[in-house]
Structures are given as C-alpha cells and as structure tokens.
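Observations on the model geometry
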Amino acid sequence: MSKNVEMCNESMADYLDRIGAGKVLISREPLSYDWTPSELVGRKDELGELASMFFGIENHNVSCRAVITGNVGSGKTVLTRRFCMDVAAKLEGRRKVSIAHVNCRSHPSASQVLQQIASSLDSGHPERGFSSGEVIQSIRRNIRSRESHLLLILDEVDVLVRRDNSDLIYKLLRIDEDKEGEGTLSLIMVSQEDSLFTLFEAAIKSRLGESNILRMRPYVASELVEIARQRYEASCRPNSVSDEVLRKIGIFAEESGGDARMAIELLDRAIGEAEKDGREKVTVDDVLPSKSRSASVEPNQVDGLKLHQKLVLLGICRRLKREEEVSSGDASKLYELVCEENNETPKGYTTFWKYLKHLESEGLIVSRASSSNRGRGRTRYITMPNSVPAVIGSRIENELLRR
Ligand SMILES: Nc1ncnc2c1ncn2[C@@H]1O[C@H](COP(=O)(O)OP(=O)(O)O)[C@@H](O)[C@H]1O
Ligand SMILES: [Mg+2]
C-alpha cells in the first residue's frame, strides 16, 4: 500500500500531464461508438426508405415492420436509433411513442429479451414463472394503458433466432391478434446477415413482407471522411485535425470494408498519438492502420479451421473489434459464450490452449506474455495484427449460421 502511494506521488505530475493535456481533445464522448449524432452522414435515402415502411404510423391502430441488414459498421444501429428518435419527435402531440432497443447479442435468450423490453418500459421486471406469452401480454397492457405505441428494435436479432428460433418474433408480430385494439407495437429487426430472412418460417415472412427489407451498403471514402469529421468537430479543438488527416482516415476505412467504426477508431487512435506527444495538431503520420491491421491474412484462411478453432477465434474477433488486445483468460470466457450461443460444449482448457497455439502458427493471431511480475501465471495478450477482426468474425458467423 505505502509503496503505491509513493509511486503515485512521484509520478503524479507526469501522469496527469499525459492524460489531461487536452491540447487536441475537449470531450471523449463523441468518440464512443454509442454516441448518436444529430445528423447521419450519407443516409438520406436509407432513412427515406425506412420512413416509407412506416407509412401511416401516426394513426393509432397502425403497426409497422422493417428488417435492416448490413455489415459491421454500416450504421445499422445508429440509423435505427436516429430514426426512432426522429419518429417520436415528429409524432409528438399526435401519438405517444415508447422506444425499446434490445441488443440480442448481449441478451440472447427470449426471456432476456422480454426482460429488457419490460425494464425499458419501466414496468418492473416480469416475474419468474410466467410464460413468454404472458409476459408479452403484460407488456401489451402496459403500452395500451398509457395509450402509447412501442417502437421495438431487436438488434443483432440473428443471435436470438439462432439460439431460441423465431418463436418470440412470431409471438411479438401477433401481439394484437384476437385481442381488442390494434397498433400496439412496431418492430425493427437488425442483422449483419443478409440471409436473415431465409431463417424465418413462412408465417413470419408473410407477416414481414419482402419489401420491408433495407440493405445498408458499405460507406465510401468520402462518407467515411465526413463521419470522422463529425466526430472530430464534436470532440476536438478547432483546427487540430486537418482535411489531409481526415482523407487518409477515409481511404483506410474504405479499404477495410467501408466500416464507420474503423474511421472512428483510426481518428481516436490518431488523436491519442498527438495527445501522447503533447502536440496541438494531429498529423497524417498519427493515422496508423498498418500497426495493427495490414490485411496480410486472407479471410478465407479461416475456412480450413476446425469448428472449435473457429469458435475460439470468433470470441477473440468480437473483442478485438473494439479493443486493441484481449487476455487469454477473457478469450477463454468469450469462447465459452460463443459455444453457448451455438449450442456447443466448450472443450477443456488444454485443448483451448492448443487451439490458441494453432491460430498463432497460422498467423491469425499474435500473442505475447504479460509484462512480468503481474502475477498472472501464464496469461497471454492476444492481438490480430495481420487481419481485420470484424471481417474474420463475420465470416465465421456467416458460416455458423449456414450450419
Ligand atoms: N451515417 C453515419 N453518420 C454518422 N455516424 C455514423 C454513421 N454510420 C455509422 N456511424 C457511426 O459509426 C459507428 C458504427 O455504427 P453502428 O451503427 O454501430 O454500425 P452497425 O450497427 O452497422 O455495426 C457508430 O458509432 C455510429 O454512430
Ligand atoms: Mg450494431
């Protein structure tokens, strides 16, 4: 303890200078993926299409449905958030709207999804021992008693369908059937899988309608530049990031699949580089994709892996979409989660380690030992410097879905 205190005192000034210099950064918040900009870049047509699927929504007995598909970082989540907020604002005074956004990757079972909906309505948690049908009806009563309309977004819905089939979706689509009064709920389902529709039974397909699918195309460089610019302007001091820097970010992000997340991540890291050096300006050299992502591994290299090697890699990819590295301990937990989602029994620890070694020998991952005396035994830190984790991850997910 006393040693810690000493260390703190010694390095205090230094330490605070580094994180608090703020020569570039004013607020971190707009650099987070969850920040919802007031205007989306380059999605006017898509918003218009979505609006046309919600034709008539101002009428009290009307319910709408939409399915949105697209790659990671194509802006599916932010589009649905923006759209629902805009709809709620537009209908103010005419129709009350409640919004529930459930990420099925974080809440993959039907009962967890229902729990999320119920708690977002502030109606308390559904008690245990009720069937999903009963919980749905209690959600319905809640909405109707407030004369509201529920805009429900089921994000990453393929995870729910894969795990629990489409029973819940079927029930939600029929929430008003054989009941008095209609127009309780509108449903937007979001998935990376373009093939989502094929997973559904005919009864669901006919209720959704093929024309209600919106496919999000990847962004082009000029759009990615504007997405990065929007974040920069909201988070940094004026003139700290030049057009040249933004252009480089746009080009790199386009090359890695038109992923907006990549653009934001590159900007974030470039700002970090400048801050670390105590500079007032971000330079083109601060944009560093090659450090961790030169696409020297071909995505199809994963096709030859064994099933559980893929599951291990998928867990790692999911974390590395957002973070620089993942510890072997976390990778093992992520692997167990992936197994659960896919109804597979996880292999034991020894086999898990063997698979990590194999992935490393294939160049798919790189690992290093933890810096000494952290007392973590054989913990290793894993990165994927030779590939784009999001791309590898969705390739594996697509394949699992086709099983
Ligand atoms: N058109 C856009 N304009 C501004 N920001 C965007 C746009 N598209 C995506 N983003 C931002 O990029 C990040 C990734 O988008 P997200 O909606 O999470 O993608 P997806 O759900 O398709 O993986 C989010 O932080 C989001 O706010
Ligand atoms: Mg999303």
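Each residue is numbered by its place in its chain's sequence as written, counting from 1. Ligands are numbered from 1 and chains lettered from A, in the order in which they are written. Given that this is a predicted model, residues contribute local features only at a pLDDT of at least 70 and side-chain atom pairs are listed and counted only at 80 or more, while totals for whole chains, interfaces and linings are drawn from all residues.

Comments concerning the overall build of the chain
Selection rule: Helix and strand labels come from DSSP, where a helix needs a run of H or I of at least four residues and a strand needs a run of E of at least two; each type is numbered from the N terminus. With C-beta atoms placed from the backbone, the exposure class of a residue follows from how many other C-beta atoms lie within 10 Å of its own: 20 or more, buried; 12 or fewer, exposed; in between, partly exposed. A pair of residues counts as a contact when their C-beta atoms, built from backbone coordinates, are within 7 Å of each other.
What the chain contains, in helices and strands, is 17 helices and eight strands. In the chain, which comprises 403 residues, the proportion classed as buried is 35%. Sequence-distant contacts, at least 24 apart, represent 72% of the contacts inside the chain between residues at least 6 apart.

Quick notes on the packing of helix H11 (residues 243-255) against helix H12 (residues 260-276)
Spelled out, the test is: Axis definition: a line fit to C-alpha positions, over the contact stretch in the case of helices; interaxial angles, taken between N-to-C directions, run 0 to 180 degrees. Angles below 35 degrees are treated as roughly parallel, those above 145 as roughly antiparallel, those between 65 and 115 as roughly perpendicular, and all remaining angles as oblique. Should the near helix be turned anticlockwise from the far one by less than a right angle, the crossing is termed left-handed; should it be turned clockwise, right-handed. Ten residues, namely Ala, Val, Leu, Ile, Met, Phe, Trp, Tyr, Cys and Pro, are considered nonpolar, four, namely Asp, Glu, Lys and Arg, are considered charged, and the remaining ones, Gly among them, are considered polar.
Two elements in contact, H11 and H12, have axes whose closest approach is 9 Å; the angle formed by their N-to-C orientations is 140°. On the basis of the axis angle, H11 is oblique to H12. The hand of the H11/H12 crossing is right-handed. Residues Val245, Ile249, Gly250, Phe252 and Ala253 of H11 lie in contact with H12, whose contacting residues are Met262, Ala263, Leu266, Leu267 and Ala270. Of the residues that constitute the contact of H11 with H12, the class distribution is nine nonpolar, one polar and no charged.

Some points on the site of ligand 1
Our working rule: Each residue receives a C-beta atom placed from its backbone. It is near a molecule or strand if this atom lies within 6 Å of it. These domain limits were set by an automatic method or by a database of domain assignments.
As a matter of local geometry, ligand 1 sits amid 19 residues, with Gly75, Lys76, Thr77, Val78 and Ala260 nearest to it. Secondary-structure elements contributing two or more residues to the shell around ligand 1 are helix H3 (76-90), helix H10 (221-235) and H12. Across the shell around ligand 1, the residue classes tally to nine nonpolar, seven polar and three charged. Both of domain 1 (14-25 + 219-292) and domain 2 (44-216) provide at least three residues apiece to the shell around ligand 1.

Considering helix H15 (residues 328-341)
To be explicit about the condition: Helix span, as expected, comes to 1.5 Å for every residue beyond the first. Our arc is simply the arc of the directions from the helix axis toward the C-beta atoms.
Taking 1.5 Å as the rise per residue, H15 with 14 residues should run 20 Å; its terminal C-alpha atoms sit 20 Å apart, in good agreement. The complete set of buried residues in H15 reads Ala331, Tyr335 and Val338. The buried residues of H15 occupy an angular sector of 65° when projected down its axis, which confines them to one face. At the exit of H15 stands Asn343, carrying a positive phi of roughly 55°.

With respect to the packing of helix H14 (residues 307-320) against H15
At a minimum axis distance of 8 Å, the contact between H14 and H15 shows a crossing angle of 115°. One element, H14, and the other, H15, form an angle in the roughly perpendicular class. Judged by the twist between their axes, the crossing of H14 over H15 is right-handed. In contact with Leu311, Val312, Leu314, Gly315, Ile316, Arg318 and Arg319 of H14, H15 contributes Asp330, Ala331, Leu334, Tyr335, Leu337, Val338 and Cys339. Classifying every residue of the contact of H14 with H15 by side-chain character gives ten nonpolar, one polar and three charged.

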